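Take a look at the letters that make up each chain.
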Amino acid sequence: QVQLVESGGGLVQPGGSLRLSCAASGSIDSINSMGWYRQGPGKQRELVARIFSGGIATYVDSVKGRFTISRDNAKNTVYLQMNSLKPEDAAVYYCKADLRPVGGSRYADYWGQGTQVTVSS
């Protein structure tokens, strides 16, 4: 069984910072990309940032310069450092990994359960 567990969400004031973590565990053979998505109230889930095994990262325009995604391949963990947070960043943040389980023949998407980020004064 493969499991993704997020942590680090919470309440922060506008302009503040949070760091999200997502650890993938279980029978994992290989991880291609890991990423963070978010879904605000009444909105569709959107890709926030994604990082590939070689370290290349991409970001949605609205977070460029404020958020940084990083990855510890040895720990199968991805992080999202969020700075200068705005009220519009408030959402449930989900971690996703594109990975191949041990004994599997192909890669598939695995999701975490989500962590709430609230930005409010």
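Reading the values: the criteria
Residues numbered from 1 in each chain as written. Predicted model: local features only at pLDDT ≥ 70, side-chain atom pairs only at ≥ 80, totals over all residues. Heavy atoms only, no water. Helix = DSSP H or I, 4+ residues; strand = E, 2+ residues; numbered from the N terminus. Rg over C-alpha atoms; globule rule 2.2 N^0.38 Å. Buried < 20%, exposed > 50% of the residue type's maximum accessible area, 1.4 Å probe, protein only. Contact = heavy atoms within 4.5 Å. Areas by Shrake-Rupley, 256 points an atom, 1.4 Å probe, with all protein chains shown as cover. Lys, Arg positive; Asp, Glu negative; His and termini not counted. Charge placed at Lys NZ, Arg CZ, Asp CG, Glu CD. Pairing = 2+ DSSP bridges. Polar contact = N/O pair within 3.5 Å; in protein donor to acceptor, adjacent residues only side chain to side chain. Salt bridge = Lys/Arg side-chain N within 4 Å of Asp/Glu carboxyl O.

Draft legend 1. Spotlight on the overall build of the chain. Of regular secondary structure, the chain possesses zero helices and 11 strands. Going from the N terminus to the C terminus, the chain shows its helices and strands as β-β-β-β-β-β-β-β-β-β-β. Here the C-alpha atoms of the chain give a radius of gyration of 14 Å, agreeing with the 14 Å that 2.2 N^0.38 yields for 121 residues. Oriented by its inertia axes, the alpha-carbon framework of the chain measures out at about 50 × 25 × 25 Å. Of all 121 residues assigned to the chain, the portion counted as buried reaches 40%. Sequence separation of 24 or more characterises 56% of the internal contacts of the chain that already satisfy a separation of 6 or more. For the chain, the exposed area adds up to about 6300 Å²; of that, 45% sits on carbon and sulfur atoms. Here the chain carries 13 positive and 9 negative side-chain charges, and the mean point of each set is 1 Å from the other.

Draft legend 2. Spatial organisation of the pairing of strand S10 (residues 108-111). With four bridges connecting them, strand S9 (residues 91-101) and S10 associate as antiparallel partners. Bridging across to S10, Asp98 finds its partner in Asp109. Between S9 and S10, which follow one another and run antiparallel, lie six residues, and Gly103 among them has a positive phi close to 85°.

Draft legend 3. Region of the structure containing the side chain of Lys96. Inspection of the secondary structure puts Lys96 in strand S9. A polar atom in the side chain of Lys96 sits 3.1 Å from the side chain of Tyr37. What Lys96 contacts, discounting residues up to four positions off in sequence, is Leu4, Ser33, Met34, Gly35, Tyr37, Asp109, Tyr110 and Trp111.

Draft legend 4. A look at the pattern of salt bridges. Using the criterion set out here, one finds six salt bridges in the structure. A salt bridge links Arg66 to Asp89; the shortest N-O distance between them is 2.7 Å. Of this pair, Arg66 sits in the loop between strand S6 (57-59) and strand S7 (67-72) while Asp89 sits in the loop between strand S8 (77-82) and S9, placing them 23 residues apart in sequence. You can call Arg66 buried: its relative accessible area is 11%. Look at Asp89 and you get buried, because its relative accessible area is 1%. Through salt bridges with shared partners, a single network forms among Arg38, Glu46, Arg66 and Asp89.

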